[in-house]
Amino acid sequence: MIDLLAIWNWLVEPLQYGFLRQAIWVSAFVGLICAVLSCYITLKGWSLMGDAISHAVVPGVVVAYALGIPFAIGAFTFGFGATVAIGYIKSQTRLKEDAVIGIVFTGFFAFGLVLVTKIPSNIDLFHILFGNVLGISTQDIIQTLIAGFITLMVVLLRRKDLLLFCFDPNHAKAIGLNTQVMYYTLLSTMALTIVAALQTAGIILVISMLVTPGSIGYLLSDRFDRMLGIAIFSSVLSCVMGTYLSYHLDVSTGGSIVVFLTLLFILTMIFAPKYGILRQQLRQNEIIVDR
Amino acid sequence: MQTTTQALDITVDNLSITYSNARLALYNAYCRVESGTITGLVGPNGGGKSTLFKAIMGFLQPSQGRIRVGDFPVLKAQKRQLMAYVPQSDEVDWNFPVSVFDVVMMGRYGYMNFLRIPSAKDRRLVMESLERVGMSEFRHHQIGELSGGQKKRAFLARALAQEGKVILLDEPFTGVDVKTEKRIIDLMMQLRDEGHTILVSTHDLASISTFCDRTILLNRTILASGTTEETFTEENLTMTFGGLPVMSLQQMFAKSEVDV
Ligand SMILES: Nc1ncnc2c1ncn2[C@@H]1O[C@H](COP(=O)(O)OP(=O)(O)OP(=O)(O)O)[C@@H](O)[C@H]1O
Ligand SMILES: [Mg+2]
C-alpha cells in the first residue's frame, strides 16, 4: 500500500508544476499539427522540403526580433520564401530538385547564423535549434496556437484536394483544379507547422515530428483516415510522454519527445502486422517452405 | 449545355514539346482526332505517345503549337469536365493508402462543392462506373492489391465517373489478359456509340483494326493519320518502327494531307 502510494506520488508530483503542465499541453498541440501534416508530407515525399523550410526560418526569427515583430511572422516569411526560391530556381535551371533544396536551405541557414552573431539580441541559438518548451513564454504560446489553428483549418477544409494533389496531380489538373494553388497551400501549411513547432522541438528535431508519425501510420494502415488517426495518436502520445519523462530524467525535452517517437517507429517497423520486418521475413520463409 | 451533348474533336496544331533536359520529344506534330471515333495512337517505345497525351491534357507546356478540344482551349475544356485521362500504370503510386472507391470518387471532385462532399448522385455514378467495368466487388480494396487488369479497370471507372466527353487512354492493354482486353474494347465501343471521343495508345498492333476507326502513327512527330484502313499499312508501320528516312517523311506529310 505504502509503496503504491509512493509510486503514485512520484508519478503525479511533476504535474503540480504549472510550467510542466503547460509544456505538456503545448507540445501535445504541436504534436497534433505535425502529425496531420506528416501524413501529407510522407505521401508526397517532401521530407527534404520540410528540412529546407525548417532551416530557412532562422534568419526570419532574427530579423523579426530586430524589427520587434512577432517571431512567427518573420519565420513564416523566410520559410515560405525559401520554398518559392527553390521552385523558381528549379524551373529556371536544369538542376535537380534535391541539389536546389540543398543550396537554398543551407544558404538561408548560414545567413541566419551570420545575423544571430552580428545583431545583438537575446535570442538563444540553442533554443531555436533544439526547442525550449519548458521555458516558453505566453506570447510564444499564442503565436504557436495561431499558427497551429490556421494550419488545422486549412487542412480540414482542403484535405480532399490536398490528398488528390499528393496522389495524382495530373488528375487534379485534368478535372480543372488549380494544382499551383494546391502546391503552395501544402507548402505554406508546412511552413506554418514548422513555425508552430519552433519553440517545442526546434528546427533540427521538427523534421522528426513532420516525418515519423506519418511513417508510423503508413506502415500500419492502407487507408488514409486510419493512417491519420494512428499518426496523431503516436505523435501526441510521444509529445506528452516525452515532455513528462524529460522532467523525471532531467534531459532535453525536444530530444526526449523525438527519442520516444523514434522508439515507437522502431517497434512499428519491426512488428507491424502487414508491412513489419518480422511479417515480411515470415512471409519469405513461408514461400521457401512451400517450395 | 449544348456542348456536353455533342461529340468533341481534338486538334493538335504544329506542336513541339521539349523536356527540361533539352530533349525534343515531339516536333511539328499536326493531327486531328475526329469527334465520336476511337482513334488508335501507335508508335515505338519512346516515340512520344505519352508525351502527346500529356500535352493534350495540358500537363506539359508545349514549346510551340496549339491544342483545342472542340471550340475550347484545353484549360477551359478541363474546367467543364470534358476531358478524362487514364494514365499509364507506371505513373501511379500503387502504395498510396486509398481504396478503389476513393479513386473513382476522385473523378467526381470537379462537380463537387468546395469541401468535396459527395452527393447522392456522385455516389450513384461511382457505383455505376464500378459496375460497368466489373469492379464493384473490389471497391474496398487498396489499389495496390489489384492485378494489372483490375488496376486498369479501376482507373477506367474513374474516367467514366468523370463523364468526360473526350477520353484519353495511355496503353490500357499492357499487362492485361485477352478477356480483359476484350472487355475494355467493348466498353470503348459503347462509349464511342454514346458520343465520346476516344484516343488510345497501344502496342497491340493485332487488335487495332478490330476497334480503331482511325489511326495515328507517331515517332517523334506524326508520320501518318487517317482511317485505319488507309493508315495502318505495312509500309507505314515499317517507317514508324524502322528508321526515319527524311525522304519518306516528306512523302508521308504529303500523303497525310491528302488523307485529311
Ligand atoms: N519527364 C521526362 N523528362 C525527360 N525526357 C522525357 C520525360 N518523359 C519522356 N521523356 C523522353 O521523351 C521521349 C518520349 O517519351 P514518351 O514517354 O512520350 O514515349 P512513349 O511513346 O509513351 O513510350 P512508351 O511506349 O514506352 O510508353 C522519350 O525519349 C523519353 O526519354
Ligand atoms: Mg508511354
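Residues numbered from 1 in each chain as written. Chains lettered and ligands numbered in written order. Predicted model: local features only at pLDDT ≥ 70, side-chain atom pairs only at ≥ 80, totals over all residues. Heavy atoms only, no water.

Enquirer: Outline the coordination of the magnesium ion (ligand 2), supporting the account with residue identities and numerical values.
Expert: All names here are of chain B. Note on the magnesium ion (ligand 2): its protein donors are S50 (OG) and Q88 (OE1). The metal-donor distances range over 1.9 to 2.3 Å. Pair noted here: S50 is in helix α1 (residues 49-56) and Q88 is in the loop between β6 (83-86) and α3 (100-106), with a separation of 38 residues, a long-range link. For the pair S50 and Q88, a shared accessibility class is recorded, and that class is buried. (Donors = N, O, S within 2.8 Å, 3.2 Å for Na, K, Ca; no water. Helix = DSSP H or I, 4+ residues; strand = E, 2+ residues; numbered from the N terminus. Buried < 20%, exposed > 50% of the residue type's maximum accessible area, 1.4 Å probe, protein only.)

Enquirer: Which residues make up the sheet that holds strand β2 (residues 24-33) of chain B, and what values do they have?
Expert: Residues and elements named next belong to chain B. Reading across the sheet, the four strands line up as β2-β1-β4-β5 and stay open at both edges, with antiparallel pairing between neighbours. In this open sheet, the two strands that pair with only one neighbour each are β2 and β5 (72-73). Alignment of strand β4 (residues 64-69) against β5, held across two bridges, turns out to be antiparallel. What sits directly across from V69, in β5, is F72. Most of the contacts of α1 go to strand β1 (residues 10-18), to which it runs at about 115°, and overall it touches β1, β2 and β4. (Pairing = 2+ DSSP bridges. Contact = heavy atoms within 4.5 Å. Axes fitted to C-alpha atoms, helices over the stretch in contact; angles between N-to-C directions.)

Enquirer: I'd like a description of the packing of aromatic side chains, backed by residues and values.
Expert: Here a ring pair, both rings aromatic, is described through the centre-centre distance and the interplanar angle of the planes. One pass over the full model with this rule turns up 15 aromatic pairs over all chains. Consider the rings of F126 of chain A and F130 of chain A, whose centres lie 4.9 Å apart with planes at 55°: the pair is tilted. Linking F126 of chain A with F130 of chain A, this pair stays in helix α6 (residues 125-130), spanning four residues, or about one helical turn. Classification of F126 of chain A by relative accessible area gives exposed; the value is 51%. Looking at F130 of chain A, the relative accessible area reads 29%, which means it is partly exposed. Ring geometry for F59 of chain B against Y85 of chain B: centres 5.2 Å apart, planes inclined by 80°, an arrangement best described as edge-to-face. Highlighted residues: F59 of chain B in the loop between α1 and β4 and Y85 of chain B in strand β6, separated in sequence by 26 residues. The class of F59 of chain B is buried, set by a relative accessible area of 12%. In this structure an aromatic cluster arises from ring pairing among W46, F76, F80, F165, Y183 and Y184 of chain A. (Phe/Tyr/Trp six-rings, centres within 6.5 Å; stacked < 30°, edge-to-face > 60°.)

Enquirer: Quick one: what's the story with the interface of chain B and chain A, residue by residue and with numbers?
Expert: Counting from both sides, the interface comprises 32 residues of chain B and, opposite them, 24 residues of chain A. Regarding the contact of chain B and chain A, the summed buried area is about 2,500 Å², with carbon and sulfur atoms giving 57% of it. Contact with chain A buries surface across chain B, with F96, P97 and R116 of chain B losing the most and accounting together for 26% of the total. Counting across the interface, chain B meets chain A through three salt bridges. In this structure, D161 of chain A engages R116 of chain B in a salt bridge whose closest nitrogen and oxygen atoms are separated by 2.6 Å. (Buried area = accessible area lost by both parts, 1.4 Å probe. Salt bridge = Lys/Arg side-chain N within 4 Å of Asp/Glu carboxyl O.)

Enquirer: Explain the nonpolar core residue by residue, including any values.
Expert: W46 and F167 of chain A together with M188 of chain B are the most contacted members of the largest nonpolar core, which has 120 residues in total. Element by element, the count of residues in this core is highest for helix α9 (residues 179-197) of chain A, at eleven residues. When neighbours within four sequence positions are excluded, W46 of chain A is seen to be in contact with I41, F165, Y183, L186, L187 and M190 of chain A. L26, I56, M57 and F72 of chain B belong to the second largest nonpolar core, which has 32 residues in total. (Core = buried A, V, L, I, M, F, W, Y, C linked by side-chain atoms within 4.5 Å.)

Enquirer: Could you give me a rundown of the domain arrangement of chain B, with the residues and numbers involved?
Expert: Residue and element names in this part refer to chain B. Domain annotation of chain B identifies domain 1 (1-82 + 166-260) and domain 2 (93-163). Put simply, the middle of domain 1 and the middle of domain 2, counted by C-alpha atoms, are 25 Å apart. Of the residues lining the interface, 15 residues belong to domain 1; the matching set on domain 2 comes to 14 residues. A buried area of about 1,200 Å², summed over both sides, lies between domain 1 and domain 2, and 59% of it is on carbon and sulfur atoms. The largest contributions to the domain 1 side of the interface with domain 2 come from Q81, R183 and L187, which together make up 47% of the buried area. Taken together, domain 1 and domain 2 are joined by four residue pairs in polar contact (both at pLDDT 80 or more). Secondary structure elements with two or more residues in the side of domain 1 that touches domain 2: β7 (166-170) and α6 (178-193). When grouped by side-chain class, the residues that make up the side of domain 1 that touches domain 2 number seven nonpolar, five polar and three charged. (Domains from an automatic or database assignment. Polar contact = N/O pair within 3.5 Å; in protein donor to acceptor, adjacent residues only side chain to side chain. Nonpolar A, V, L, I, M, F, W, Y, C, P; charged D, E, K, R; others polar.)

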